[in-house]
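Now for the letters of each chain:
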Amino acid sequence: MYRFLLLLCIFTAPLSLQARPLTLFAASSMTNAIDEICSLYQARYQQPVVRSFASSSSLARQIAAGAPADIFISANTRWMNFLAEQDAIQATTLKPLLKNQLVLIRSHYTKEQHVSLATLAEQLGTERLAIANPDHVPAGIYARQALQHTGQWPSLVSRLALGQNVRSTLLLVERGEAPYGIVYNTDAQQSDKVSIIEQIPDNLYDAIIYPAALTSQHLTEAKQLYQLLFSREARDIFNRYGFQPLTSEPSDAQ
C-alpha cells in the first residue's frame, strides 16, 4: 500500500507543482509595442512571456473569471476599475502608463476627397463608418463620445461597421469594407493601407489613459516585467509607436 501511495505521489506531484508561464494581458492597440518590450524582457531574463491581446473588456472579464494573467494593461480606466472592485488586481500597483488619441482614417481603396469629422455624416452617403463596438470596447466608446459632441452620432448610428477591438476596426478600413474609420493614432501609424485624415481634438472625448497593474494572483517574476514597462527603454519604444508615456519607473512593485 505504501509503495502504491509513493508511486501515486511521484506521478501526480509534477502536475500540481508545474509552474505556469508568465502572462501579460493587454489591449489590442498595444500589440506591436508590447511584443517588442516582451522580446527585450525575454532576452534579458531568459524567460518567455505569453501575451494575450484583445479588447480591454474581453480581457478584464477573462481575468475576473480566473484567467491566469499576471499583468493587465487596459485602454481605459473603466475596465481596470471593474477588476479593482473585485480585488482581481493589486491596487498598490495600479498606475497610469500611457496616453493615446483618436484619428479619422481613410482607406487607400477610397477616392481621396476632403472629409472631416464635422461633416462626416453628410459626406459618407450610403457607406459605413468603422468604429469599435461602443457598448464595451474603449476605442468605440471614445469614438461615440467624439461623434456625439460634434452632433454626428444620430445620423451615423445606423451606418456603422463595428469591430470587436481597435485592430479589427482598422482591418475593416484597410480592406476597403468601410471607407472611413475612427481608431487610435498609434494603430493608424502602423498601417500602410490607410491615411490619417484628421487628428480628432481630445476635448471631444475622455482622456485615453492606459493603466497597468499586477493581478492579485501574479507570479513573483512578473514584478520585473511590470517595472520594465515603466523604464526608459520601454518609454522609448512606446514613443516610437506613437504612445505618450505618463509615468516614470516605479521604485518597487509590491
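As a reminder, the structure under discussion sits directly above these lines.
Bear in mind the structure is a predicted one, so any value in this text is a computation, not a measurement. Along each chain, the written sequence defines residue order, and numbers are assigned to residues from 1. Where local features are concerned, this predicted model is filtered to residues with pLDDT of at least 70; where side-chain atom pairs are given and counted, the filter is 80 or more; whole-chain, interface and lining totals use all residues. With hydrogens and water stripped out, all remaining heavy atoms of the structure feed into the side-chain values.

**Things to note about the overall build of the protein chain**
Note the threshold: Numbering of helices and strands runs from the N terminus; a helix is a DSSP stretch of H or I covering at least four residues, while a strand is a stretch of E covering at least two. For every residue, the accessible area obtained with a 1.4 Å probe (protein chains only) is divided by the maximum for its type, and the residue is called buried under 20%, exposed over 50%, and partly exposed between those limits. Accessibility throughout is a Shrake-Rupley quantity obtained with a 1.4 Å probe, and a residue counts as covered only by protein chains that appear here.
Each helix and strand counted, the protein chain has 11 helices and 11 strands in total. The proportion of buried residues among the 254 residues of the protein chain is 49%. Here the protein chain has roughly 12,300 Å² of accessible surface; of this, 50% comes from carbon and sulfur atoms.

**Details of the pairing of strand β10 (residues 208–214)**
Put simply, the rule reads: A pair of strands is considered paired only if DSSP assigns at least 2 bridges between the two.
Most of β10 is tucked away: six of the seven residues are buried. Sheet topology note: the strand β4 (residues 95–100)/β10 ladder contains five bridges and is antiparallel. Bridge pairing in β10 places Leu98 opposite Tyr210.

**Remarks on the pattern of salt bridges**
Defined as follows: In what follows, salt bridge is the name for a side-chain nitrogen of Lys or Arg lying within 4 Å of a carboxyl oxygen of Asp or Glu.
Here the structure, examined in full by the defined rule, presents seven salt bridges. Here Arg20 ties to Asp70 by a salt bridge, and the two come within 2.6 Å at their closest N and O atoms. On the criterion of sequence distance, the pair formed by Arg20 in the loop between α1 (2–17) and β1 (22–27) and Asp70 in the loop between α3 (56–64) and β3 (71–73) is long-range, its members being 50 residues apart. On the accessibility criterion, Arg20 (27% relative accessible area) is partly exposed. The class for Asp70 is buried, based on a relative accessible area of 0%. Residue Arg51 is joined to Asp35 by a salt bridge in which the shortest nitrogen-to-oxygen separation is 3.1 Å. In this pair, Arg51 sits in strand β2 (residues 49–54) while Asp35 sits in helix α2 (residues 31–45), placing the two residues 16 residues apart along the sequence. On the basis of relative accessibility, which here comes to 27%, the residue Arg51 falls in the partly exposed class. With relative accessibility at 25%, the residue Asp35 sits in the partly exposed group.

**Here we look at the packing of α3 against helix α4 (residues 77–85)**
How we decide: Axis lines are fitted to C-alpha atoms, over the contacting stretch for helices. Their N-to-C directions set the angle, which ranges from 0 to 180 degrees. Under this scheme an angle from 65 to 115 degrees is roughly perpendicular, one under 35 degrees roughly parallel, and one over 145 degrees roughly antiparallel; angles in between are oblique. The contact rule is simple, with two residues in contact once any of their heavy atoms fall within 4.5 Å. Polar here means any residue other than Ala, Val, Leu, Ile, Met, Phe, Trp, Tyr, Cys and Pro, which are nonpolar, and Asp, Glu, Lys and Arg, which are charged; Gly is therefore polar.
For the pair α3 and α4, interaxial distance at closest approach is 9 Å and the crossing angle is 10°. Between α3 and α4, the angle is such that the two are roughly parallel. Listed contacts from α4 to Ser56, Ser57, Ala60, Arg61, Ile63 and Ala64 of α3 are Trp79, Phe82 and Leu83. Tallied by class, residues from the contact of α3 with α4 come to six nonpolar, two polar and one charged.

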